[in-house]
Amino acid sequence: QQQVKQSPQSLIVQKGGISIINCAYENTAFDYFPWYQQFPGKGPALLIAIRPDVSEKKEGRFTISFNKSAKQFSLHIMDSQPGDSATYFCAAPRIYNQGGKLIFGQGTELSVKP
Amino acid sequence: DAGVIQSPRHEVTEMGQEVTLRCKPISGHDYLFWYRQTMMRGLELLIYFNNNVPIDDSGMPEDRFSAKMPNASFSTLKIQPSEPRDSAVYFCASSARGVADTQYFGPGTRLTVL
């Protein structure tokens, strides 16, 4: 069973600091790597996604860095704010002969302290 | 748009009972996904539909689970008979262009099987 390995499981960061979450994946059927953000009691919501014809994508304080050769990608949250406290999930496409769908990492619970 | 609508939001039932979860996707979205979220297993895709046709049901845990999409605006996930290990939050999501596209999640149904 293909897996997406996400780390760390939990992260505590001071307000204004940088939060970094990492994901590693196996071979994929197609190139699309999203990050989802989930607040307690809510469904996940897309935060940012990358199609790795580029190695980095930035949207505001959120950046995805992608290393195709290492099969790794990471989420960087700059100037972290208490409102960023949530659970973050990376996802990667499943390998071709197992069907085209996303496999989600186990999630990282981020807490930003004021 | 109201977003993805799920009902009920909470369901408490006894082991052996039939449970039906409902979903209304965003209008115009051709893809509908059913996910299950637990602490142990994280966010798992159960099944997804394209234009009301099931495309991949490899995530459906066993024959007790079934899903239907009779039309573009409605889908059900049924568990019969339910077991305590089915207790989880079930999410429905929809997207306009498929797996490699933004998936919009509903608020989820929290199922408790006693």
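Refer to the structure printed above.
Below, the structure is looked at part by part.

Quick notes on the rules
- Residues numbered from 1 in each chain as written.
- Chains lettered and ligands numbered in written order.
- Predicted model: local features only at pLDDT ≥ 70, side-chain atom pairs only at ≥ 80, totals over all residues.
- Heavy atoms only, no water.
- Pairing = 2+ DSSP bridges.
- Helix = DSSP H or I, 4+ residues; strand = E, 2+ residues; numbered from the N terminus.
- Axes fitted to C-alpha atoms, helices over the stretch in contact; angles between N-to-C directions.
- Contact = heavy atoms within 4.5 Å.
- Buried area = accessible area lost by both parts, 1.4 Å probe.
- Salt bridge = Lys/Arg side-chain N within 4 Å of Asp/Glu carboxyl O.
- Polar contact = N/O pair within 3.5 Å; in protein donor to acceptor, adjacent residues only side chain to side chain.
- Phe/Tyr/Trp six-rings, centres within 6.5 Å; stacked < 30°, edge-to-face > 60°.
- Buried < 20%, exposed > 50% of the residue type's maximum accessible area, 1.4 Å probe, protein only.
- Core = buried A, V, L, I, M, F, W, Y, C linked by side-chain atoms within 4.5 Å.

Describing the sheet that holds strand E3 (residues 19-24) of chain A
Residue and element names in this part refer to chain A. Judged by pairing direction, the sheet is antiparallel, and its 5 strands sit side by side in the order E1-E3-E8-E7-E6 without closing on themselves. Bordering the open sheet on either side are strand E1 (5-7) and strand E6 (56-59), each of which pairs with just one other strand. For this sheet, the mean inter-axis angle between neighbouring strands, taken without regard to orientation, is 15°.

What to know about the interface of chain B and chain A
Residue-level contacts link 22 residues of chain B with 19 residues of chain A. Summed over both sides, the interface of chain B with chain A buries roughly 1,500 Å², with 52% coming from carbon and sulfur. Its largest share of buried area at the contact with chain A, chain B owes to Leu43, Val99 and Ala100 of chain B, together 31% of the area lost on that side. Inspection of the region where chain B meets chain A yields 1 salt bridge. For Lys101 of chain A, the salt bridge goes to Asp56 of chain B, with nearest N and O atoms at 3.8 Å. The interface formed by chain B and chain A contains 4 residue pairs in polar contact (both at pLDDT 80 or more). When residues of the side of chain B that touches chain A are traced back to their parent elements, those giving at least two are strand E4 (31-38) and strand E5 (42-50) of chain B. At 4 residues, the largest contribution of residues to the side of chain B that touches chain A is made by E5 of chain B.

Focus: the packing of aromatic side chains
Each aromatic ring pair is summarised here by two numbers: the centre-to-centre distance and the angle between the ring planes. Applying the stated criterion across every chain yields a total of 14 aromatic pairs over all chains. Between the aromatic rings of Phe66 of chain A and Phe73 of chain A, the centroid separation amounts to 6.2 Å while the plane-to-plane angle is 35°, which identifies the pairing as tilted. Residue Phe66 of chain A is classed as buried on the basis of its relative accessible area of 9%. Residue classification places Phe73 of chain A among the buried residues on the basis of a relative accessible area of 2%. On the numbers, 5.6 Å between centres and 85° between planes, the contact of Phe104 of chain A with Tyr35 of chain B is edge-to-face. Of this pair, Phe104 of chain A sits in strand E10 (residues 102-104) while Tyr35 of chain B sits in strand E4, placing the two residues on different chains. The residues Phe104 of chain A and Tyr35 of chain B share a single accessibility class, namely buried. An aromatic cluster is built from Tyr36 and Phe104 of chain A together with Phe33, Tyr35, Tyr48, Phe91 and Phe105 of chain B, whose rings are joined through pairwise contacts.

Notes on the sheet that holds strand E7 (residues 65-71) of chain B
All names here are of chain B. Spatial ordering of the open sheet is given by E1-E3-E8-E7, a layout of 4 strands whose pairing is antiparallel. The sheet terminates laterally at strand E1 (5-7) and E7, the two strands that pair on one side only. Adjacent strand axes in the sheet meet at a mean angle of 15° when their direction is disregarded. In terms of strand pairing, strand E3 (residues 19-24) meets strand E8 (residues 74-79) through 5 bridges, oriented antiparallel. In the strand pairing of E8, Cys23 is matched with Ser75.

Remarks on the pattern of salt bridges
Scanning all chains against the criterion turns up 13 salt bridges over all chains. Across the pair Lys57 of chain A and Glu59 of chain A runs a salt bridge whose closest N-O atoms are separated by 3.5 Å. Classification of Lys57 of chain A as partly exposed rests on a relative accessible area of 32%. Linked by salt bridges that have partners in common, Glu62, Arg64, Glu83, Arg85 and Asp86 of chain B make up one network.

Some thoughts on the nonpolar core
Most often, soluble globular proteins have nonpolar side chains that are buried together. Residues Phe33, Trp35, Phe73, Leu75, Tyr88 and Leu110 of chain A are the most contacted members of the largest nonpolar core, which totals 24 residues. Contributions of two or more residues to this core are made by strand E2 (10-14), E3, strand E4 (33-38), strand E5 (45-50), strand E7 (62-67), strand E8 (72-77), strand E9 (86-93) and strand E11 (108-113) of chain A. It is E9 of chain A that contributes the most residues to this core, 4 residues altogether. Once residues lying within four places of it in the same chain are set aside, the contact partners of Tyr88 of chain A are Gln6, Ile21, Tyr36, Gln37, Leu47, Leu75, Ile77, Gly107, Thr108 and Leu110 of chain A. Counting 21 residues, the second-largest nonpolar core is a separate cluster that includes Val4, Trp34, Ala67 and Ala88 of chain B.

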